[in-house]
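Fold and contact review
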Amino acid sequence: MDRPEPEKPDVLPSTALAYLDRNYWDKRFAQEEHYEWFKDYSHFRHIVLQHIKPQSSVLELGCGNSQLCEELYRDGITELTCIDLSPIAVEKMKQRLINKGYKEQIG
Ligand SMILES: C[S@@+](CC[C@H](N)C(=O)[O-])C[C@H]1O[C@@H](n2cnc3c(N)ncnc32)[C@H](O)[C@@H]1O
């Protein structure tokens, strides 16, 4: 028998203008653990790796709670900088990476 999907927090804004508001993102990231706005890395890995090499420096602008940087790191791309407007997103990403054993890699 299929297990029921875990309930997802209701994080949709009432208007698209909320996407411009830092408070919206803070509130959302306080509730939501993980969400990929595009498909996950496995869908476009073959394209990314044609263009980004292990010696590349990558800036992920607006990283949110995506797992893209971990996936890139696992593929040998280690010069990664993730930034976000939301300090909650940044702090939660830091904690998530520390919990996964990436403490040494976090600057
Ligand atoms: C649509 S989400 C995408 C999150 C992630 N990149 C993904 O694909 O799952 C947009 C992200 O950009 C961040 N953001 C919005 N305006 C920003 C700004 N001016 N500077 C940095 N980050 C910003 C938001 O906090 C949010 O995490």
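All values derive from a computational prediction rather than experimental measurement.

Describing the overall build of the protein chain
- When you go through the protein chain residue by residue, the secondary structure sums to four helices and two strands.
- Counting only C-alpha atoms, the protein chain reaches 40 × 40 × 25 Å along its principal axes.
- A buried classification covers 11% of the 107 residues belonging to the protein chain.

Concerning the site of the ligand
- Not every one of the 15 residues close to the ligand is listed here, only the nearest: Trp25, Gly62, Gly64, Ser66 and Leu85.
- Grouping the constituent residues of the shell around the ligand by class yields nine nonpolar, four polar and two charged.

Let's talk about the nonpolar core
- Trp25, Phe29, Cys69, Leu72, Cys82, Ala89 and Met93 form the largest nonpolar core, which has seven residues in total.
- Those elements that place two or more of their residues in this core are helix H1 (22–31), helix H3 (68–74) and helix H4 (87–99).
- When sequence neighbours within four positions are dropped, the list of residues in contact with Phe29 reads Asn65, Ser86, Ile88, Ala89 and Lys92.

Focus: the pairing of strand S1 (residues 57–61)
- Sparse coverage of S1 is indicated by the burial of zero of its five residues.
- Sheet topology note: the S1/strand S2 (residues 79–83) ladder contains five bridges and is parallel. When the sheet's bridge partners are listed, Val58 is paired in S2 with Leu80.
- In the classification by handedness, the crossover that spans S1, the intervening H3 and the parallel S2 is right-handed.

Observations concerning H4
- The end-to-end C-alpha distance of H4, which contains 13 residues, comes to 18 Å, matching closely the 18 Å that a straight helix rising 1.5 Å per residue would cover.
- Where H4 terminates, the next one or two residues include Gly101, which has phi positive at roughly 90°.

A few points about the packing of H1 against H4
- Axis separation between H1 and H4 bottoms out at 7 Å; the angle between their running directions is 30°. One way to sum up the angle between H1 and H4 is to call them roughly parallel. Contacts between H1 and H4 involve Trp25, Asp26, Phe29 and Ala30 from the former and Ile88, Ala89 and Lys92 from the latter.
- Residue classes in the contact of H1 with H4 are distributed as five nonpolar, no polar and two charged.

Quick notes on H1
- Within the span of H1, buried status applies to Trp25, Arg28 and Phe29. The buried residues of H1 occupy an angular sector of 95° when projected down its axis, which confines them to one face. Looking at H1, the residues exposed on the side facing more than 90 degrees away from the buried face are Asn23 and Gln31.
- Residues of H1 that are buried sit in contact with H4.

Calculation rules
- Residues numbered from 1 in each chain as written.
- Predicted model: local features only at pLDDT ≥ 70, side-chain atom pairs only at ≥ 80, totals over all residues.
- Helix = DSSP H or I, 4+ residues; strand = E, 2+ residues; numbered from the N terminus.
- Buried ≥ 20, exposed ≤ 12 C-beta atoms within 10 Å, placed from the backbone.
- Near = placed C-beta within 6 Å.
- Nonpolar A, V, L, I, M, F, W, Y, C, P; charged D, E, K, R; others polar.
- Core = buried A, V, L, I, M, F, W, Y, C linked by C-beta atoms within 7 Å.
- Contact = placed C-beta atoms within 7 Å.
- Pairing = 2+ DSSP bridges.
- Right-handed = clockwise from strand over helix to strand, strands pointing away.
- Expected span 1.5 Å × (residues − 1).
- Axes fitted to C-alpha atoms, helices over the stretch in contact; angles between N-to-C directions.
- Parallel < 35°, antiparallel > 145°, perpendicular 65-115°, else oblique.
- Arc of directions from axis to C-beta.

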